[in-house]
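# Working through the structure, step by step
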Amino acid sequence: MAGNAYGLVIGSKQVSSWSLRPWILMRQAGIGFDETVIQLRQPGTRAAILKHSPSGQVPLLTHGSLLLWDSLAVAEYLNERHPELHLWPADAGARAHARCISCEMHSSYRELRFGLPMEFSSRGLTPQINEQCAADIKRIVEIWCETRKRHGTGGPFLFGTFTIADAMFAPVASRFTTYGTRLADYGGDGAAEAYRAVLMALPAMLDWGNAARLEPHVAAN
Ligand SMILES: N[C@@H](CCC(=O)N[C@@H](CS)C(=O)NCC(=O)O)C(=O)O
């Protein structure tokens, strides 16, 4: 699908959790883009990424001569360019809450990232969950349940309709699915498990998973 104004350079769909965020956001919002996938963890990966991205990391959005090399900055840019799509919640209080949880996702949960690395199409993996990783899971369950309760009455997503906050947490839903994480064991009222299932059932998530399955196998981190 050549000819879109936006280009999105992403990493392997099986493992690139950061890449999934702008990709699913654009798919859900109906914003067209040309996709370039760079296979991660290969001998030529770094050189291939550096051809596009000054930070040596993906994802990267291109728009004309503009390069954006951070997932949250990409989301903010798209929100500014497409205000009619309400990529953040319309209500100011809800929007502030959405920004808080998205920034928390962007900057935290180190133990979860290492303990439960994204392996999008894998199932039934059973790693040891250490105390810090369990604390990260508990915190995410708390955020999902609280946000759904306070802001999610208008639909199945954190703020009812799909927003940037859902895109930010989409890779976490994949991690919990891959590792069969029993979210009820980490508190909450069952809303976290229901929300995980909603994200994983999105046609765009299924498309991402189908593409991930076709990629050459890469070793987990
Ligand atoms: N802060 C960045 C983080 C991006 C990031 O860590 N990307 C990883 C892939 S998911 C990467 O490019 N790693 C380089 C490599 O694997 O060679 C963002 O939000 O976009």
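One can find the structure itself at the top, above this paragraph.
One structure accompanies this document, and this report is about it. (Residues numbered from 1 in each chain as written. Predicted model: local features only at pLDDT ≥ 70, side-chain atom pairs only at ≥ 80, totals over all residues. Heavy atoms only, no water.)

Here helix α1 (residues 17-29) contains 13 residues, and its C-alpha end-to-end distance of 19 Å stays within 8% of the 18 Å for a straight helix at 1.5 Å per residue. All of the buried residues in α1 are Ser17, Ser19, Leu20, Arg21, Pro22, Trp23, Ile24, Leu25 and Met26. Positive phi appears at glycine 30, one or two residues downstream of α1, with a value of about 75°. (Helix = DSSP H or I, 4+ residues; strand = E, 2+ residues; numbered from the N terminus. Expected span 1.5 Å × (residues − 1). Buried < 20%, exposed > 50% of the residue type's maximum accessible area, 1.4 Å probe, protein only.)

Moving on, we get to the pairing of strand β1 (residues 6-11). Buried residues dominate β1, accounting for six of its six residues. As defined by bridge partners, β1 adjoins strand β3 (residues 60-63) across four bridges and the pair is classed as antiparallel. Bridge pairing links tyrosine 6 to histidine 63 in β3. Relative to strand β2 (residues 34-38), β1 is paired through five bridges, and the arrangement is parallel. Across the sheet, the residue bridging to valine 9 is threonine 36, located in β2. (Pairing = 2+ DSSP bridges.)

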